[in-house]
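The primary structure of each chain is shown beneath.
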Amino acid sequence: MLKGELKDALDNAANQIMSNPNDLRSILIEGHTDNIAPIGEIAKRYPSNWELSSARAANVVNYLIMQGVMSGR
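Structural notes, computed from the coordinates. (Residues numbered from 1 in each chain as written. Predicted model: local features only at pLDDT ≥ 70, side-chain atom pairs only at ≥ 80, totals over all residues. Heavy atoms only, no water.)

## Structural notes on the overall build of the protein chain
Moving on, step 1. Per the secondary structure count, the protein chain includes three helices and zero strands.
Moving on, step 2. Sequence-ordered secondary structure for the protein chain, helices as α and strands as β, is α-α-α.
Moving on, step 3. In summary, the protein chain has a C-alpha radius of gyration of 14 Å against a globular reference of 11 Å for 73 residues, an excess of more than 25%.
Moving on, step 4. Projecting the C-alpha coordinates of the protein chain onto the three principal axes gives extents of approximately 45 × 25 × 20 Å.
Moving on, step 5. Burial analysis of the protein chain (73 residues in total) assigns 23% to the buried set.
Moving on, step 6. Expressed as a percentage of contacts within the protein chain between residues at least 6 apart in sequence, the contacts between residues at least 24 apart total 60%.
Moving on, step 7. Summed over its atoms, the accessible surface of the protein chain is roughly 5,600 Å², and 54% of this surface lies on carbon and sulfur atoms.
Moving on, step 8. Put simply, the protein chain has 7 plus and 8 minus side-chain charges, and the middle of one group is 3 Å from the middle of the other. (Helix = DSSP H or I, 4+ residues; strand = E, 2+ residues; numbered from the N terminus. Rg over C-alpha atoms; globule rule 2.2 N^0.38 Å. Buried < 20%, exposed > 50% of the residue type's maximum accessible area, 1.4 Å probe, protein only. Contact = heavy atoms within 4.5 Å. Areas by Shrake-Rupley, 256 points an atom, 1.4 Å probe, with all protein chains shown as cover. Lys, Arg positive; Asp, Glu negative; His and termini not counted. Charge placed at Lys NZ, Arg CZ, Asp CG, Glu CD.)

## Thoughts on the side chain of R73
Moving on, step 1. Within the secondary structure layout, R73 lies in the segment after α3 (49-66).
Moving on, step 2. A distance of 3.1 Å separates a polar side-chain atom of R73 from the backbone oxygen of D23. (Polar contact = N/O pair within 3.5 Å; in protein donor to acceptor, adjacent residues only side chain to side chain.)

What follows is the structure, given as structure tokens:
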């Protein structure tokens, strides 16, 4: 789930991305974590940092698509 502060930043980014309908450059989204393996409840859903960082990136991508950014970008 995305926090409000991040949503505000992503809303601004989406507006900037969509400000020029002729700009079809690719957008690169990366998810990151620290170097400590997930533990406890989060480890049940994301057993490794790779899965956690991938899920973070996917959440950002899905949010931008819901804001109207073309999925092919």
